[in-house]
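What follows is each chain in one-letter form.
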Amino acid sequence: MPIADLRTVPEALAPAAELLGRLDEAFETGFGRLSSANLEALVSLGRSFHGTPIAGDLEAALAGLGRSEFLDRHFAALAVARSAVLGAMSDALVAQASAALGRPRPELEAIAPGPAQEPPPKLAVLLESVRHWLMELAIAGFANLEVGALLPFQSTLDAIMAEPALARHAALLSGFLGELLTVFPTRGKPEIPRQRWVDLWARAMVLSLAPPAATPTRAVHGELRILATDLRQHDNLAQLVVFGVFVEAGKPARVVRTGVAAFKVDVLQGDDLGGLLGEIGGKLLGALVTGQALKIDGMLLTPAGDLVWQEARATLLPAKPKLAEEAGVLAKAALRPGHDPADRHPALIEELVWLPGDAYALAGKEGRTLTIGGQPFPLALERVPVSEDLNLGDLAGSKGMVAALRFDAGQWSLQPLAIDVGKPLAKMVGTSLAAARGKAKDGNLTTLKERAGKLLRKKA
Amino acid sequence: MIRPRVLARARKVHKVPFVELYAGRLQGVVSSGSDEDRVYVSYFEAGTGNFYCSTNNNRPCGGMRNSPCKHLAELMGEAVLQFSAARVIAYLGLAAEPDKVRGGGELLRYIKGGAHKVEAGMVFSRFLTYLQYVNVAPTAAPLPEMAWFVR
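Residues numbered from 1 in each chain as written. Chains lettered and ligands numbered in written order. Predicted model: local features only at pLDDT ≥ 70, side-chain atom pairs only at ≥ 80, totals over all residues.

**A few points about the overall build of chain A**
Let me state the cut-off plainly: Helix numbering and strand numbering both begin at the N terminus, where a helix is a DSSP run of H or I of at least 4 residues and a strand a DSSP run of E of at least 2. We compute the radius of gyration over the C-alpha atoms and compare it with the globule rule, which gives 2.2 Å times the number of residues raised to the power 0.38. Labels follow a simple rule on C-beta atoms placed from the backbone: if 20 or more others lie within 10 Å of a residue's own, it is buried; if 12 or fewer, it is exposed; otherwise it is partly exposed. We call two residues in contact when the distance between their C-beta atoms, placed using the backbone, is within 7 Å.
If you tally the helices and strands in chain A, you get 13 helices and 13 strands. Against the globule reference of 23 Å for 460 residues, chain A gives a C-alpha radius of gyration of 23 Å, in line with a compact fold. Expressed along its principal axes, the backbone C-alpha trace of chain A runs to roughly 65 × 65 × 55 Å. Per-residue burial over chain A gives 43% buried out of 460 residues. Taking as baseline every contact in chain A between residues at least 6 positions apart, the subset at least 24 positions apart corresponds to 71%.

**A short note on the domain arrangement of chain A**
Residues and elements named next belong to chain A. As a reminder of what qualifies: Domains are outlined according to an automatic or database domain assignment. Classes in brief: Ala, Val, Leu, Ile, Met, Phe, Trp, Tyr, Cys and Pro nonpolar; Asp, Glu, Lys and Arg charged; the others, Gly included, polar.
What the domain assignment lists for chain A is domain 1 (2-108 + 118-207), domain 2 (218-329 + 434-440) and domain 3 (341-429). With 12 residues of domain 2 at the interface, the matching set in domain 3 holds 15 residues. At the level of secondary structure, the elements contributing two or more residues to the side of domain 2 that touches domain 3 comprise β1 (218-234) and α11 (323-326). At five residues, the largest contribution of residues to the side of domain 2 that touches domain 3 is made by β1. Partitioned by chemical class, the residues of the side of domain 2 that touches domain 3 number eight nonpolar, two polar and two charged.

**Some remarks on the sheet that holds strand β9 (residues 369-372) of chain A**
All names here are of chain A. To keep things clear, this is the line we draw: Pairs of strands are assigned from DSSP output, requiring at least two bridges between the strands. In this analysis an axis means a line fitted to C-alpha atoms, helices contributing only their contacting stretch, and an angle means the value between N-to-C directions, from 0 to 180 degrees.
Taken in spatial order, the three strands of this open sheet run β8-β9-β10, and their pairing is antiparallel. Each of the sheet's edge strands pairs with one partner strand only, and the pair in question is β8 (360-363) and β10 (375-377). Ignoring strand direction, the axes of neighbouring strands in this sheet form an average angle of 40°. Pairing geometry for β9 and β10, over three bridges, is antiparallel. Opposite I372, over in β10, you have Q375 as the bridge partner.

**A short note on the sheet that holds strand β3 (residues 39-45) of chain B**
Residues and elements named next belong to chain B. The four strands are arranged β1-β2-β3-β4 in an open sheet whose pairing can be described as antiparallel. The two strands at the open ends of the sheet, each matched to only one other strand, are β1 (18-22) and β4 (51-55). For this sheet the average axis-to-axis angle between neighbouring strands, irrespective of direction, equals 15°. Relative to strand β2 (residues 25-31), β1 runs antiparallel, the two being bridged by five bridges. When the sheet's bridge partners are listed, L21 is paired in β2 with L26. Helix α3 (residues 120-135) rests against β1, β2, β3 and β4 of the sheet, and its axis sits at about 105° to β1.

**Regarding unusual backbone geometry**
Residue and element names in this part refer to chain B. Phi is positive for A23, which is not a glycine, with a value near 50°. Secondary-structure assignment places A23 in the loop between β1 and β2. Residue N58 is not a glycine yet carries a positive backbone phi of 70°. Along the polypeptide, N58 turns up in the loop between β4 and α1 (70-83). Judged by the 12 C-beta atoms lying within 10 Å of it, N58 is exposed.

**Focus: the interface of chain A and chain B**
On the side of chain B, 42 residues touch chain A, which itself brings 59 residues to the contact. Elements with a contribution of two residues or more to the side of chain A that touches chain B: α7 (153-161), α8 (167-183), α9 (194-207), β1, β3 (254-263), α10 (272-290), β5 (306-308) and α13 (444-459) of chain A. A per-element tally of the side of chain A that touches chain B places α13 of chain A first, with 10 residues. Considering only residue class, the side of chain A that touches chain B consists of 26 nonpolar, 13 polar and 20 charged.

**Description of the nonpolar core**
Condition: Connectivity within a nonpolar core runs through C-beta atoms within 7 Å, and the core itself is a set of buried Ala, Val, Leu, Ile, Met, Phe, Trp, Tyr and Cys residues.
Within the largest apolar cluster, 178 residues are counted, with the highest numbers of intra-cluster contacts made by W201, A204, L277, V402 and A418 of chain A together with V88 of chain B. Sorting elements by how many residues they give to this core places helix α4 (residues 72-101) of chain A first, with 12 residues. What A204 of chain A contacts, discounting residues up to four positions off in sequence, is V130, L134, L172, L173 and F176 of chain A.

**With respect to the environment of R126 of chain B**
All names here are of chain B. Mapped onto the fold, R126 is located in helix α3. Residues R126 and V19 lie 107 residues apart in sequence; the distance between their C-alpha atoms is 10.0 Å. Leave out the neighbours within four places in its chain, and R126 touches E20 and Y22.

**Looking at the confidence of the model for chain B**
All names here are of chain B. What counts, and what does not: Confidence scores labelled pLDDT are given residue by residue by the predictor and lie between 0 and 100.
Of all residues in chain B, 95% attain a pLDDT of 70 or more, and the chain-wide mean is 88. When mean pLDDT is compared element by element in chain B, α1 scores highest at 95, while α3 scores lowest at 85. For this predicted complex, the interface confidence score (ipTM) comes to 0.95, while the overall pTM stands at 0.94.

**Quick notes on the pairing of strand β12 (residues 411-420) of chain A**
Residue and element names in this part refer to chain A. A large share of β12 lies buried, amounting to nine of its 10 residues. Summarising the sheet, strand β11 (residues 400-408) and β12 pair through nine bridges and their orientation is antiparallel. Along β12, the bridge assignment pairs R406 with S413. Taking the residues between adjacent antiparallel strands as the criterion, β11 and β12 are bridged by two residues, where A409 takes a positive phi near 50°. The sheet contact formed by β12 and strand β13 (residues 427-428) spans two bridges and is antiparallel.

**A short note on the packing of helix α5 (residues 121-140) of chain A against α7 of chain A**
Residues and elements named next belong to chain A. The test is simple: If you view the pair so one helix is near and one far, a crossing is left-handed when the near helix is turned anticlockwise from the far one by less than a right angle, and right-handed when it is turned clockwise.
Here α5 crosses α7 at 145°, and the two axes come no closer than 10 Å. Considering how the two elements wind past one another, α5 and α7 form a crossing that is left-handed. In this structure, α5 contributes L126, S129, V130 and W133 to the contact, and α7 contributes F153, T156, A159 and I160. The residue inventory of the contact of α5 with α7, partitioned by class, reads six nonpolar, two polar and no charged.

**Let's talk about α8 of chain A**
Residues and elements named next belong to chain A. Filter applied, for reference: Multiplying 1.5 Å by the helix residue count minus one yields the expected span of that helix.
Taking 1.5 Å of rise per residue, the 17 residues of α8 would be expected to cover 24 Å, and the 25 Å separating its terminal C-alpha atoms lies within 8% of that figure. The buried count for α8 comes to 12 of 17 residues, which makes it a mostly enclosed element. Buried residues of α8: A167, R168, H169, A170, A171, L172, L173, S174, G175, F176, L177 and E179, and no others.

**Some points on the pairing of strand β2 (residues 237-247) of chain A**
Residues and elements named next belong to chain A. Taking burial as the measure, the 11 residues of β2 include 10 buried ones, the bulk of the element. Sheet topology places β1 next to β2; 11 bridges connect them, and they run antiparallel. Each bridged residue has a counterpart across the sheet, and for L224 the counterpart in β2 is F246. Taken together, β1 and the strand that follows it, β2, pair antiparallel across an intervening segment of two residues. Judged from the 10 bridges that link them, β2 and β3 form a sheet pairing that is antiparallel. Counterpart to F243 in the pairing with β3 is R257. Joining the antiparallel neighbours β2 and β3 is a turn of six residues, in which G250 adopts a positive phi near 75°.

**Some points on the packing of helix α1 (residues 13-29) of chain A against α4 of chain A**
Residues and elements named next belong to chain A. For the record, the criterion: Orientation labels follow simple angle bins: below 35 degrees gives roughly parallel, above 145 gives roughly antiparallel, 65 to 115 gives roughly perpendicular, and whatever is left gives oblique.
Direction vectors running N to C along α1 and α4 enclose 155°, while the axes themselves pass 10 Å from each other. With respect to α4, the element α1 is oriented roughly antiparallel. Crossing angle aside, the handedness with which α1 passes α4 is left-handed. Contacts between α1 and α4 pair L13, A16, L19, L20 and L23 from the former with R82, V85, M89 and A92 from the latter. The residue inventory of the contact of α1 with α4, partitioned by class, reads eight nonpolar, no polar and one charged.

Printed below as a string of structure tokens:
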């Protein structure tokens, strides 16, 4: 089984990871109090970019930061350089995975951009506020943050959430701020997830360099057959991501990704998500519970293979595709979900694979380790959502699974996304959400609104 | 990787619709046990250990004298559930051992302050701000960054 080749990683990865590891230490210390080791790390980052298009900006930024010149363009240059290294690492990993799996590398579809539109001036102001806040975090250092420096950003975030064009920013920044507030205030030395926070910081900085340009899209007509799902969430947002085979007339079958997301509060979890996500993706939830295919009529598709979900452009079809039959496309299609070049990052790799039941076995205590071809292969346990819909226990005796190849903490692992347990319906996250949607009127959201209503009336 | 907390049991949202650690206070909204139409606004202050409980019309809770009332106890219980004992203890600066605490009730004896009034409107407006999150329009836009937020 060639997937076993992925127990090692490309050689060029280690030095790049080390370079970034040393850079990230500066973010923990804070650029306002860099140590000589931090300064050396900055110098080596600059050296590794010699002769590249961003060398000039980076040199100026590093020199400036060394003189304690705190300008947002210096921090932006740092974020761009760091992201470029991660993009290159991502490319090397995707190339390795494609070769090991014997499939073509994923391609972006060529779609002509629409007419450029001038973004509203308000967006630029909001993004400037974001850059400013990020700069303050970097100057202080993650180890030295105080709640007083974090809370004022909430009002900027509220304004960002009100802008549909900044949905990505809202999703990322609300998750990041929430996480910072989970750790601070702290007693004693806080535990800083350094690499993770610098990842989030750098991503937020790069996203905030300029108002987002409209992604090119084309309207597509065809049939969507769901292969797998994944649930992503933090306290203030939940997103159900759905992967499927998409068949357009006269074209080879390809793989697409779609998803629906809802903003929420911490107390809304589990069944509550059905009501929130059903509002925007009711038919998608419906297809998950019945296993039906969907007819797509004029929905927009991006170059990276994201189908931008629109309820009105979907219809449930009588056909109930079989997972094992559809999953064959995964090994062949070059047009499969990927990422815009600016978004590439090892943490975002989600290469889908179909593993027939005889290709893997469970081992270890409570069957929490996977063996493929007799060799152990890590399971991405931390990524499996806490849900009745999909359990690792379903893997025992299963007929096959769709898994996402993930890269985390320097190694490849597999995250089971859909498990064929020999029944018509495969196990995957989200299959219970349609039923939960029906119960929403008794749910926490209704209670919250009713209680708030009581307070409002009493006050008035 | 920081995973969202998986709660030991579901939060009792009807009893305690809102609980947060904010601006140096553990504060929230607690439903009245006897009157469907009444809610209480309660808080504990970090450091001083001061507390207060009143109706949303700023009328003090009858059950609160020199020690926390049952609404404050319920607030503490739900806070420990929502945020973990360790975080509540660190936030309020209590002298308790996080590993040994099984529920919020045990933390009340570490509350050393007295009853000090705070305007209920302040906490209430935080509740409304909190609720704004569920009024933000849902989105179908691709959100690649959510790959960092999993469980």
